[in-house]
Structures are given as C-alpha cells and as structure tokens.
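Reading the structure
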Amino acid sequence: MVVVEKYPDLKSNENFLSLQSQLEGTENEFSVERMKFNEAVQAYNTKRRSFPMIIFAGIFGFKEKQYFKGKEGTDQPPGCKIQLR
C-alpha cells in the first residue's frame, strides 16, 4: 500500500516573483530619474557660473541648486525580517 500526500498548488511564489520584478523596475526608473535630475542641476549650475549669467544670477537672486543625495544607507536593500516556522 502506498500513501501519497497531496499538497495544495500555491500561487504565491509566482505572485512574489512578479512583485519583485515590478519593484526592481520601479527602482531602476527612480535611479534613471535621479541621474537626469542631477545632470539638469549640473547644467544649471554651470550656466549660472558662466559670464554674463553670473551677473544676472547675482542681481535676480538665482542660487546654486543642490544635487539629489539619498539618505545614508538607502542605497542598500532592506533586510528580510520574515521568520518561517
């Protein structure tokens, strides 16, 4: 006599992989947009420091813009805190 156990077919693994892929895509989009923002800030600051724009910037109060910098540790993914029993 053979005893066979039938386990349910779980779909959560496929959903998790899909979510992980979507999160990775979103993270990549943020990275690209941060890079574009920093490039625009660099172009603005360079133009602002060039002659004759430096004179107009001083008169009209255009300040130098800051680059986007993430908080310390945000470049690392969060650790997994799920414990399976």
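Residues numbered from 1 in each chain as written. Predicted model: local features only at pLDDT ≥ 70, side-chain atom pairs only at ≥ 80, totals over all residues. Heavy atoms only, no water.

In terms of regular secondary structure, the protein is built from 2 helices and 0 strands. Considering the protein as a whole, with its 85 residues, one finds that 4% of them fall into the buried category. A total of about 8,800 Å² of accessible surface is found on the protein, and carbon and sulfur atoms cover 59% of it. (Helix = DSSP H or I, 4+ residues; strand = E, 2+ residues; numbered from the N terminus. Buried < 20%, exposed > 50% of the residue type's maximum accessible area, 1.4 Å probe, protein only. Areas by Shrake-Rupley, 256 points an atom, 1.4 Å probe, with all protein chains shown as cover.)

Tallied over the entire structure, the rule returns 2 salt bridges. Among the ionic pairs, Glu33 bridges to Lys36, the shortest N-O distance being 3.7 Å. In this pair, Glu33 and Lys36 both sit in helix H1 (residues 12-49), 3 residues apart, roughly one turn of the helix. (Salt bridge = Lys/Arg side-chain N within 4 Å of Asp/Glu carboxyl O.)

Backbone torsion omega between Phe51 and Pro52 reads 5°, so that peptide bond is classified as cis. Within the fold, Pro52 resides in the loop between H1 and helix H2 (53-60).

Together, Phe51, Met53, Ile54, Ile55, Phe56, Ile59, Phe60 and Phe62 make up a nonpolar patch on the protein surface, roughly 880 Å² of accessible area in all. Here Phe56 falls in the partly exposed class, since its relative accessible area comes to 42%. (Patch = residues over 30% accessible without salt bridge, like charges linked within 9 Å, V, L, I, M, F, W, Y side chains within 5 Å.)

Within the secondary structure layout, Phe62 lies in the segment after H2. Ignoring sequence-local partners within four residues, the contact set of Phe62 consists of Tyr44, Arg48, Phe56 and Ala57. (Contact = heavy atoms within 4.5 Å.)

Time to look at the side chain of Asn45. Mapped onto the elements, Asn45 comes out in helix H1. Judged by its relative accessible area of 2%, Asn45 falls in the buried class.

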